[in-house]
Structures are given as C-alpha cells and as structure tokens.
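The residues making up each chain are set out below.
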Amino acid sequence: MKKEASTKKTEMEKLFHEFKNAWVDLSDNDRELTFKMAGEYKKFLDMGKTERECVSKIVTMAKEKGFKNIRDLITSKKPLKEGMKIYASYKDKTVALFVIGKESIEKGMNIVGSHIDSPRLDLKASPLYEDAELALLKTHYYGGIKKYQWATIPLSMHGVIVKKDGSKISIAIGEDEDDPVFVVSDILPHLGKEQAAKKMSEGFTGEQLNVIIGNIPLKDKKIKEHIKLNILNILKEKYNMEEIDFVSAEIEIVPAGKARDAGLDRSLILAYGHDDRVCAFPSLKGIFEIEHPQKMAVALFTDKEEIGSVGNTGMCSAFFDNTVAELIALEKQEYNELYLRRALAQSKVLSADVNAGFDPSFPEVFDKRNSSYIGKGIILTKFTGSRGKSGANDAHAEFVGEIKNLFTANKIVWQASELGKVDAGGGGTIAYILANKGADVIDCGIAVLNMHAPFELVSKVDLFMTYKAYKAFLQS
C-alpha cells in the first residue's frame, strides 16, 4: 500500500511545473558553445554602439554569409529561388535579412523582429558652449533613462557629421585606450543637501546632462570664448568641421568601454546596449545558419523603438512592407497588394525584446511567480503594456502553445513572465505593430538587470538559449 501511495504521489507531482535554471542540465558541449557565443556577442556590442554601427556590422557580416542586396535583384529583375539569401537596409539605420523558403511568400513568413537602438544622450543642434573655464556640449536624452546614472561615468562620442559641402564623415572617440573620454559632472555630497532632499527623478534634470569636452584656452586673450574656440580648432584640424556642421550631425553620447564578463564564474555579461542587441545578435546568428526553410525566414533589425518606433526607420514606417512587396514582385514577376496583405496576415512573429529580470534587491515591484529570472532561459511574454494591458499585443493561446511546444521539442530552456507587478509600471515593444497587420505575434526575449542603465547585465546561458530558440523558429 505504501508503494502504491508513493507511486500515486509521484504521478500527481508531475502536474506541477517549475521553470529551471538553464545551466543545470547544460551539456559540456553546449557549455563550451555558450561561452564561445558570448565572446562573439561581446565583439558585436563593442563594434555596434549605435544603430548606424550595428547596421554597418550586420550588412558586412551578411555579405560574408552570401546575402545579396535586394537592390541588385530588383535592377536585374532576377526571380527568387528557394534558399536565396537577401538583405535590405534603409537610411543606414534599419536592416532586414531574408532566406527564401519552399512556400510562396504569400503564405506567410517566420519573422524575428528586434531593435538596435538603445537609450543614450544625443547632442543638440547647437551644443558647444563655454562656461566657468570649461567647454561643454548640450544634450537631449533619447529613450527612458534615469538621468543621474549618466553622471560621472566615462562617455564616448559616436556618430556622423554631414559637412556643408555634402561630404559625410563618421566619428568614434573614447573607445580606444589612447582616446580621451568625456563626462557629465555631478555636485559633491558636501554641497548636495538640496539635491539629496529632492525626489530621485528631480535630482538631476535633462538640462544638467552637459558633457565636459575641454579646458585649454587659446593664447589669444582678445577672444571671448577662447576655450570653445580651441575645441573648434581641434575639430577643424581632425574632421575639417565647423560649428555650423553640428546642425547636420547625428552625434550620440554613450558609455565608453568594452563589454565585460561579470561574476567570478564569468556567467554574466556587463555592457551598454543589451536592450535590445542581446536579442538582435542571436537572431542574426540564427538566420545565418538557416537553409531552405519551409516559409521565408526573416530577421528584422529596427530603429527608434525606444521612442515609439516612429520615423521612416522605425517599425511604424513603410520600410518592411515595401521590402516584402518588392520580394513578392520578384517572386511572382508581378505585384498585387492582396499578396502582401496575405503574406503579413499569415506570418508568425517573435517580437525579440528584453524583459525585466527579477532583482532580489528590489522585490517589491515584481510578482515573483510571474517574473523572468536571470539564467532560466528565453522568455515568453504573452503581453506587455501597462495598467490594464494598455498598448499591448496580447498573444493568442493557440500561438503561445505552438511556440511553447516548439521550444520544448528542441530542448530549449524557456520561462514565462510579465513585466513587473500590475500597476507598478509597464512597457511596450514592436509586437503590436506587426499584430496590427494580422500576424500572430508574441514577445520573446531575454531577462536583463539594470535595464536602460548605462551598463546592463545578462546571462550567457540565456543568450545561448535565445539563439537556439530563434533558429528553431526561423527554420520551422
């Protein structure tokens, strides 16, 4: 009787489910691959601190993997064939990679959509000024940040400058060991009584995010702003740039330094820009390994997600629709808008974006049973939004079940979560945009600590599981 009762209890216990730590059952071979992939990802981060740099790196890598520019196919009117690999980029800020499948595009696509912009400081149109024997740059923050986190840390400067003659030059200052870095100053604690009494959100204002750029004056004492002019002289000598050229420049201020291993066991990666390049990279690696998928496989890398997916390089733009329309025209040697609408409506999408990992130092904002955890694999997030799911894509149960079963069948460690407690806050992704076109979409990404801070933290094993998941989905 005792044996029967014990057996019955064991069978009943199978009804429970607990999401597991992905490191536990990781084979020696997969552990080796996990650390190898983390090294590749860190290099990708170091070479892509802005959306422009990411697109440049993605296109270079895609060409090396045999992807062809869609413009060349359009010019030659070359028909599509199964297995063809194609890329399309726009404005150097957004890019999509395609692997042509066995089925017609009209029957839908498997899409992994991520974004490659990250919170940062942008220079204003007239940024350079002199005050208190210092030259400084005025900035306007981009995306949701805690402003105080950007003070007193080493900063670098990346971007492009379009000069009055129309020529364009790229800059990246502060990443090499011999480069200078930049900094936003903060008040010393001895004089910070009033600042300390303010709300955290008011202790540092947007207009105080001024970047110190120099201190040496010109020797000519007749010149009023002699430190500012010395900086302009340096810019003229190095980049043939004048003050008016700031107006036609896109210069981003980001944290200086390389991505680093974190933890004594080196299980984590500390870096700027995990949100959302930690999802972009595994989707890139995954699509590079796709051959002859059933449906057309798509890895999409968008811009402007951090400010609402706006503009002609954001997900709300016509870029993706137009590109798919061009591919349909090449496939069928004609075009009908119905083909595009059918293709989008029958597509399946993993909205590849990060989620807030449970932080044991701040448990009060999380629902512990419905949070994502560092090291427990890729996350399925059925809905995001805020308050009563406002602004969310709420994935259908059928699609959630399909993806859940796909991951389980491919031995991918996964977990399910929401973004914090109800009414504690919220957030959004590009999911709702593709859902508005009729596609089945679910948010599916990686847990992050310190999200939107200058340096964010992720687990290497989550990165590896995400790569496996995206690859399995694209190939299905």
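Refer to the structure printed above.
Keep in mind that what you see is a predicted model, and the values were worked out from it rather than measured.

Basis of the calculations
- Residues numbered from 1 in each chain as written.
- Predicted model: local features only at pLDDT ≥ 70, side-chain atom pairs only at ≥ 80, totals over all residues.
- Heavy atoms only, no water.
- Helix = DSSP H or I, 4+ residues; strand = E, 2+ residues; numbered from the N terminus.
- Rg over C-alpha atoms; globule rule 2.2 N^0.38 Å.
- Buried < 20%, exposed > 50% of the residue type's maximum accessible area, 1.4 Å probe, protein only.
- Contact = heavy atoms within 4.5 Å.
- Lys, Arg positive; Asp, Glu negative; His and termini not counted.
- Charge placed at Lys NZ, Arg CZ, Asp CG, Glu CD.
- Pairing = 2+ DSSP bridges.
- Axes fitted to C-alpha atoms, helices over the stretch in contact; angles between N-to-C directions.
- Core = buried A, V, L, I, M, F, W, Y, C linked by side-chain atoms within 4.5 Å.
- Phe/Tyr/Trp six-rings, centres within 6.5 Å; stacked < 30°, edge-to-face > 60°.
- Lys NZ or Arg CZ within 6 Å of the ring centre and 35° of its normal.
- Expected span 1.5 Å × (residues − 1).
- Parallel < 35°, antiparallel > 145°, perpendicular 65-115°, else oblique.
- Left-handed = near helix turned anticlockwise from the far one by under 90°.
- Salt bridge = Lys/Arg side-chain N within 4 Å of Asp/Glu carboxyl O.
- 1 Å grid on protein atoms, 1.4 Å probe; cavity = no way out; pocket = protein on both sides within 12 Å on 5 of 7 lines; lining within 4 Å.
- Points joined across faces, edges and corners; volume = space filled by probe spheres on them.
- Nonpolar A, V, L, I, M, F, W, Y, C, P; charged D, E, K, R; others polar.

Got a minute to help me understand the overall build of the chain in this structure?
When helices and strands are counted, the chain shows twelve helices and 23 strands. Against the 2.2 N^0.38 benchmark of 23 Å for 476 residues, the chain shows a C-alpha radius of gyration of 25 Å, consistent with a compact globule. Buried positions account for 51% of the 476 residues belonging to the chain. Pairs at least 24 residues apart make up 76% of the contacts formed inside the chain by residues separated by at least 6 positions. Taken as two groups, the 67 positive and 68 negative side-chain charges of the chain have centres that lie 3 Å from each other.

Looking at this structure, I do not really get the sheet that holds strand β1 (residues 68-69). What am I missing?
The strands making up a sheet are joined through hydrogen bonds of the backbone, oriented either antiparallel or parallel. Taken in spatial order, the nine strands line up as β1-β2-β3-β14-β4-β15-β21-β17-β19 in an open sheet, and their pairing is mixed. Each edge of the sheet is formed by a strand with only one pairing partner; in this case those strands are β1 and β19 (414-416). Here strand β4 (residues 109-115) pairs with strand β14 (residues 296-302) via seven bridges, running parallel. When the bridges of β14 are listed, S114 appears paired with F301.

How should I be thinking about the pairing of strand β13 (residues 268-271) in this particular structure?
Look at any regular strand and the pattern is simple: side chains alternate between the two faces of the sheet. Pairing of strand β12 (residues 260-262) with β13 involves three bridges; the strand directions are antiparallel. The partner of D261 across the bridge, within β13, is I269. Remark: five residues form the turn of the hairpin made by β12 and β13, two consecutive strands paired antiparallel; G263 in that turn has positive phi of roughly 90°. Pairing analysis gives four bridges linking β13 to strand β23 (residues 456-459), with the strands arranged antiparallel. Across the sheet, the residue bridging to L270 is L457, located in β23.

Just checking my understanding: could you explain the sheet that holds strand β9 (residues 183-184) for this structure?
Judged by pairing direction, the sheet is antiparallel, and its seven strands sit side by side in the order β8-β7-β11-β5-β6-β10-β9 without closing on themselves. Of all the strands in the sheet, just β8 (168-173) and β9 have a single pairing partner and so form its edges. Bridge analysis of strand β6 (residues 134-142) against strand β10 (residues 211-214) gives three bridges, and the strand direction is antiparallel. Bridge pairing in β10 links L136 to I212. Of the strands in this sheet, β5 (120-131), β6, β8 and β10 touch helix α6 (residues 226-239), which is tilted by about 125° from β5.

Would you mind showing me how to read the nonpolar core here?
Nonpolar side chains tend to gather and get buried jointly when the protein is soluble and globular. Counting 63 residues, the largest nonpolar core has L97, F301, L350 and F407 as its most contacted members. No other element matches the ten residues that helix α12 (residues 460-475) contributes to this core. When near neighbours in sequence (up to four residues on either side) are disregarded, L350 contacts I111, V112, G113, I403, F407, I442, C444, Y470 and F473. Counting 34 residues, the second largest nonpolar core, distinct from the first, contains L80, I105, I430 and L434.

Help me out: how do you make sense of the environment of N240 in this one?
With respect to the secondary-structure elements, N240 resides in the loop between α6 and β11 (249-255). For N240 and K163, which are 77 residues apart along the polypeptide, the C-alpha to C-alpha distance reads 8.4 Å.

In this structure, what is going on with the side chain of S459? I would like to understand it.
Considering the arrangement of structural elements, one finds S459 in strand β23. By relative accessible area, S459 is classed as buried at 2%. The contacts of S459, once residues within four sequence positions are left out, are W23, S267, L268, I374 and G375.

What exactly am I supposed to notice about the packing of aromatic side chains here?
The description of an aromatic ring pair rests on the distance of the ring centres and on the angle between the ring planes. Within the structure shown, the criterion is met by eleven aromatic pairs. The ring of Y142 has R120 lying over it, and the distance from NZ or CZ to the ring centre is 3.6 Å.

Mind showing me how you'd approach the environment of I251 here?
The residue I251 is located in strand β11 in this model. I251 gets classed as buried once you look at its relative accessible area, which sits at 5%. Placed 129 residues apart in sequence, I251 and D122 show a C-alpha to C-alpha distance of 6.0 Å. Apart from the residues lying within four places of it in its own chain, the contact partners of I251 are L121, D122, L123, M157, H158, G159, V160, I161, I171 and F246.

So what exactly am I meant to see when it comes to helix α3 (residues 51-64) here?
Because the α-helix completes a turn every 3.6 residues, residues three or four places apart line up on one side. With 14 residues, α3 should reach 20 Å at 1.5 Å per residue; the first-to-last C-alpha distance of 20 Å fits that figure. When we look at burial in α3, the residues that qualify are E51, E53, C54, V55, I58, V59, M61 and A62. Following α3 by one or two positions, G66 adopts a phi angle in the positive range, close to 95°.

Help me understand the packing of helix α7 (residues 274-288) against α12 in this model?
Any two packed helices are characterised by the angle at which their axes cross and by the distance between the axes. Where α7 meets α12, the closest approach of the two axes is 8 Å, and the angle between their N-to-C directions is 50°. By the angle between their directions, the pair α7 and α12 is classed as oblique. As α7 packs across α12, the resulting crossing turns out to be right-handed. Contacts from V278, C279, P282, S283, K285, G286 and I287 of α7 reach α12 at L463, T466, Y467, Y470, K471 and L474.

Is there a simple way to think about the pattern of salt bridges in this case?
Side chains that differ in sign of charge can pair as their charged atoms come close. Scanning the entire structure with this criterion turns up 29 salt bridges. Within this structure, E40, K285, E289 and K471 form a network of salt bridges that share partners.

In this structure, what is going on with the layout of surface pockets? I would like to understand it.
Where empty space is left becomes clear once a probe the size of a water molecule has been rolled over the atoms. Taken as a whole, the largest pocket encloses approximately 1,300 Å³ of empty space. Within the residue set of the lining of the largest pocket, elements represented by two or more residues are β16 (355-356), β17 (378-381), β20 (426-427) and β21 (440-445). Element by element, the count of residues in the lining of the largest pocket is highest for β21, at three residues. For the lining of the largest pocket, a count of residues per class yields 17 nonpolar, 19 polar and nine charged.

Honestly, the pairing of β17 in this entry has me stumped. Any pointers?
Taking every second residue as pointing to the same face, both faces of β17 are buried, with I378 and L380 on one and I379 and T381 on the other. In this structure, β17 lies alongside β19, joined through three bridges in parallel fashion. Its bridge partner lying in β19, L380 is registered against A416. Examined bridge by bridge, β17 and β21 share three bridges and lie antiparallel to one another.

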